[in-house]
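# Structural overview for review
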Amino acid sequence: MSFKILGTGRFIPPKVVTNDDLSKIMDTSDEWIVERTGIRERHVCTEETTVDMAVEAAKNALENAGVDPSELDMILFTTSSGDYTTPANACLVQARIGATCPAMDVVSGCPAFLFMLDCADGYFARGRVKKMLCVSAERMSRVLDWDDRGTAVIFGDGAGAVVLGEGDNYLTSRLFVKGSTAIQIPNYDGKSPFYTSHAETPWVHMQGQETFRFAVTRMVKDIRGVLEDTGLTMDDIRHILPHQANLRIIEAAKKRLKARDGLLYVNITRYGNTSSATIPISLDELNRSGQIKEGDYLVFSTFGAGLSSAACVVRW
Ligand code: UT7
């Protein structure tokens, strides 16, 4: 027994920041950002917290699934930009949506949504849960170095969620890790008077070009891997939902995979990179706009801090 996706939800903070807005506060331009990343605008929090966004996305997903919070057996939550290191942000979502089940955070950078689905698969396989909420929320604006134009322009805020029930629709997954700090958000270094040196500032640090190469290579390998696992071909897949880190990464992977136009979903233009929330946000957009039908095969593919990457196949 594995799971099927019963419902989806998202929350995007209303405040839009365009590339021109950014060019007023840092040395950048709409032309550079569009050409190098494809991003035109992103949404950022003004008063919303990470948990606030997660709660709204969770409520939307529960409503979409027709599931009451009291039915949930487990809540998992991913974030790289949570309001707290402890308690787990999931615990606050549990209280605010009125659930009583166990809840915990899964930390794995941008790919965390897929690592979380794989954990969820294990709970269903052991027969420990019948209904589960998986939510990803990212307030990247809180962890960005706003003096670093190389990273400040590419991320955005948002949340996405799915409600899972028993089913056999999670067909396969591939997870990959190559331990590295090429992308990192160091924790606040603390105040110990005994330390002899201090860690980097607690903002996003990224080696962009190394990550770019890793991303394209892994997307192609992971997608080919999950297709091989299932015996499906690219023609059988209704949508590939790739991590939205750079339009050039998506286009390079599309070319190598020889994928048809439109197969790889793109919304980076409007949101930038919302880290682990990216795939559930894309999924909710496709679901609510009627672009997924029962029986459709979907591939999710992601990469990022870890360095790690993952792909899976889900039947709708
Ligand atoms: O989800 C996490 C996964 N992350 C990723 O997948 C990110 C992957 N990497 C990338 O998407 C790209 O490497 C970036 C978008 C981050 C950077 O693009 P790039 O084409 O690799 O640019 P670069 O870092 O090599 O910089 C090229 C030039 C530099 O100027 P010089 O040294 O050639 O004079 C930068 O200073 O572009 C400059 N630059 C900018 N210029 C205007 C860097 N950022 C900006 C900016 N505006 N925002």
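Refer to the preceding data block for the structure.
### A look at the layout of surface pockets
Put simply, the largest pocket is a space of about 700 Å³. Thr79, Ser80, Ser81, Ile185 and Asn187 are, among the 30 residues lining the largest pocket, the residues nearest its centre. Residues of the lining of the largest pocket, tallied by class, amount to 14 nonpolar, 13 polar and 3 charged. Looking at which domains feed residues into the lining of the largest pocket, each of domain 1 (2-168) and domain 2 (172-315) supplies at least three. The computed volume of the second largest pocket comes to approximately 450 Å³. Around the second largest pocket sit 22 residues that line it, and Ile154, Met206, Gly208, Phe212 and Asn246 are the ones nearest its centre.

### A closer look at the sheet that holds strand E6 (residues 131-139)
An order of E1-E7-E6-E4-E5 is seen for the 5 strands of this open sheet, with the pairing classed as mixed. Every other strand in the sheet has two partners, leaving strand E1 (2-11) and strand E5 (103-106) as the edge strands with one partner each. Strand-to-strand twist across the sheet, computed as the mean angle between neighbouring axes with direction ignored, equals 20°. Across 9 bridges, E1 lies against strand E7 (residues 157-167) in antiparallel orientation.

### Here's the deal with the site of the ligand
Around the ligand lies a shell of 22 residues, among which Thr28, Arg36, Gln209, Asn246 and Asn273 are the nearest. Threonine 28 places a side-chain nitrogen or oxygen 2.7 Å from a nitrogen atom of the ligand. Protein chains bury 72% of the 950 Å² of accessible surface belonging to the ligand in isolation. Among the secondary structure elements, those contributing two or more residues to the shell around the ligand are helix H2 (30-37), helix H6 (149-152), helix H7 (208-230) and helix H8 (247-257). Its residues placed into classes, the shell around the ligand shows 9 nonpolar, 9 polar and 4 charged. Per-domain counts for the shell around the ligand show at least three residues from each of domain 1 (2-168) and domain 2 (172-315).

Basis of the calculations
Residues numbered from 1 in each chain as written. Predicted model: local features only at pLDDT ≥ 70, side-chain atom pairs only at ≥ 80, totals over all residues. Heavy atoms only, no water. 1 Å grid on protein atoms, 1.4 Å probe; cavity = no way out; pocket = protein on both sides within 12 Å on 5 of 7 lines; lining within 4 Å. Points joined across faces, edges and corners; volume = space filled by probe spheres on them. Nonpolar A, V, L, I, M, F, W, Y, C, P; charged D, E, K, R; others polar. Domains from an automatic or database assignment. Pairing = 2+ DSSP bridges. Helix = DSSP H or I, 4+ residues; strand = E, 2+ residues; numbered from the N terminus. Axes fitted to C-alpha atoms, helices over the stretch in contact; angles between N-to-C directions. Near = heavy atom within 4 Å. Polar contact = N/O pair within 3.5 Å; in protein donor to acceptor, adjacent residues only side chain to side chain. Areas by Shrake-Rupley, 256 points an atom, 1.4 Å probe, with all protein chains shown as cover.

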